[in-house]
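Examination of the molecular architecture
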Amino acid sequence: DYTGAMRLGLAREAVSRIGTPVSRTGTRRLDDFNRVSAANNLGNALMRVDKFAEAADVLTGVLAAAKQVYGNEHQNTLAATTNLAATYSVQGKLAEAEELQVWVLEASGRVNGKEHPGTLNATTNLAGTYSEQGKHEEAEVLQVAVLAVMTRVQGKEHRDTLGAATNLANTH
């Protein structure tokens with residue numbers, strides 16, 4: 001669509017102006033953060049226009065740079081890992097997506113806590129991948145856990161709780 005193509009063009013322009021993330025040792029600089037962010041935006045824009053293989057290549061580089069610039073368990077690194085996993089998922093590379101999603105879930109649980117929205121989102125993502133792989137029992141266990149937390153924390157009528165209930169219903 002036009003909006004996706006426009007975003008892709010803007011993202012490509014930003015990366016061409018400031019460069020892509022480079023692996024190197026030494027101190028982190030502001031332009032390193034900007035380069036990671038711009039490349040991540042490019043990868044996401046490529047996803048929106050269905051250029052999944054190119055997006056995966058860009059996001060693989062983003063993940064490597066994010067680990068170096070931010071550290072392994074920084075929120076931006078977790079987000080980069082989640083984006084790459086999503087790219088793998090839409091390409092049907094479910095084993096690769098699962099591996100990354102398991103890592104994000106474990107890291108987010110350590111960093112944010114088991115009931116943090118990011119951890120719950122990681123749980124839901126992994127459950128979706130399990131469902132796509134036919135691992136319905138594993139998916140259900142995860143979705144039941146998310147629903148229990150959402151019900152307790154947000155209440156039965158909250159939209160996020162209702163979304164968790166819908167996800168559980170769609171597990172099979």
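Below you will find a few notes about this structure. (Residues numbered from 1 in each chain as written. Predicted model: local features only at pLDDT ≥ 70, side-chain atom pairs only at ≥ 80, totals over all residues. Heavy atoms only, no water.)

Below, the discussion takes up the overall build of the protein. Along the backbone of the protein there are eight helices and zero strands. In the protein, the succession of helices and strands from N to C terminus is α-α-α-α-α-α-α-α. Within the protein, the fraction of its 172 residues that count as buried is 38%. Counting contacts in the protein only where the partners sit at least 6 residues apart, residues at least 24 apart contribute 55% of the total. Element-wise, carbon and sulfur atoms account for 54% of the exposed surface of the protein, whose accessible area totals about 9400 Å². (Helix = DSSP H or I, 4+ residues; strand = E, 2+ residues; numbered from the N terminus. Buried < 20%, exposed > 50% of the residue type's maximum accessible area, 1.4 Å probe, protein only. Contact = heavy atoms within 4.5 Å. Areas by Shrake-Rupley, 256 points an atom, 1.4 Å probe, with all protein chains shown as cover.)

A word on unusual backbone geometry. Unusually for a residue other than glycine, aspartate 50 sits at a positive phi of about 65°. Among the secondary structure elements, aspartate 50 is positioned in the loop between helix H2 (30-48) and helix H3 (52-70).

Between helix H6 (residues 117-132) and helix H7 (residues 136-154), the least distance of the axes is 8 Å, while the angle of their chain directions is 155°. Between H6 and H7, the angle falls in the class roughly antiparallel. Considering only the axes of H6 and H7, their crossing is left-handed. Judged by residue contacts, Leu120, Thr123, Thr124, Leu126, Ala127, Tyr130 and Ser131 of H6 engage His136, Glu138, Ala139, Leu142, Gln143, Val146, Val149 and Met150 from H7. (Axes fitted to C-alpha atoms, helices over the stretch in contact; angles between N-to-C directions. Parallel < 35°, antiparallel > 145°, perpendicular 65-115°, else oblique. Left-handed = near helix turned anticlockwise from the far one by under 90°.)

In this section: the nonpolar core. Membership of the largest hydrophobic core comes to 21 residues, with the highest contact counts inside it found for Val36, Val62, Leu84 and Tyr88. Within the residue set of this core, elements represented by two or more residues are H2, H3, helix H4 (75-90) and helix H5 (94-112). Of the residues forming this core, the biggest block, 10 residues, is contributed by H3. When sequence neighbours within four positions are dropped, the list of residues in contact with tyrosine 88 reads Ala56, Thr60, Lys93, Glu96, Ala97 and Leu100. Core analysis: the next-biggest nonpolar cluster, separate from the first, contains eight residues, Ala122, Ala127, Tyr130 and Leu142 among them. (Core = buried A, V, L, I, M, F, W, Y, C linked by side-chain atoms within 4.5 Å.)

Within this structure, the stated rule accounts for one aromatic pair. An angle of 45° between the planes, with centres 5.2 Å apart, marks the rings of phenylalanine 33 and tyrosine 70 as tilted. Of this pair, phenylalanine 33 sits in helix H2 while tyrosine 70 is found in helix H3, placing the two residues 37 residues apart along the sequence. Using a relative accessible area of 26% as the deciding quantity, one classes phenylalanine 33 as partly exposed. Given the relative accessible area of 15%, tyrosine 70 is considered buried. Directly above the aromatic system of tryptophan 103 lies the positively charged group of lysine 67, at a separation of 5.7 Å from the ring centroid. (Phe/Tyr/Trp six-rings, centres within 6.5 Å; stacked < 30°, edge-to-face > 60°. Lys NZ or Arg CZ within 6 Å of the ring centre and 35° of its normal.)

Before going further, it helps to spend a moment on the side chain of threonine 171. Mapped onto the fold, threonine 171 is located in the segment after helix H8 (159-169). The class of threonine 171 is buried, set by a relative accessible area of 3%. Of the polar contacts made by the side chain of threonine 171, one reaches the backbone oxygen of leucine 168; its length is 2.9 Å. (Polar contact = N/O pair within 3.5 Å; in protein donor to acceptor, adjacent residues only side chain to side chain.)

Nothing here speaks to function; it is geometry throughout.
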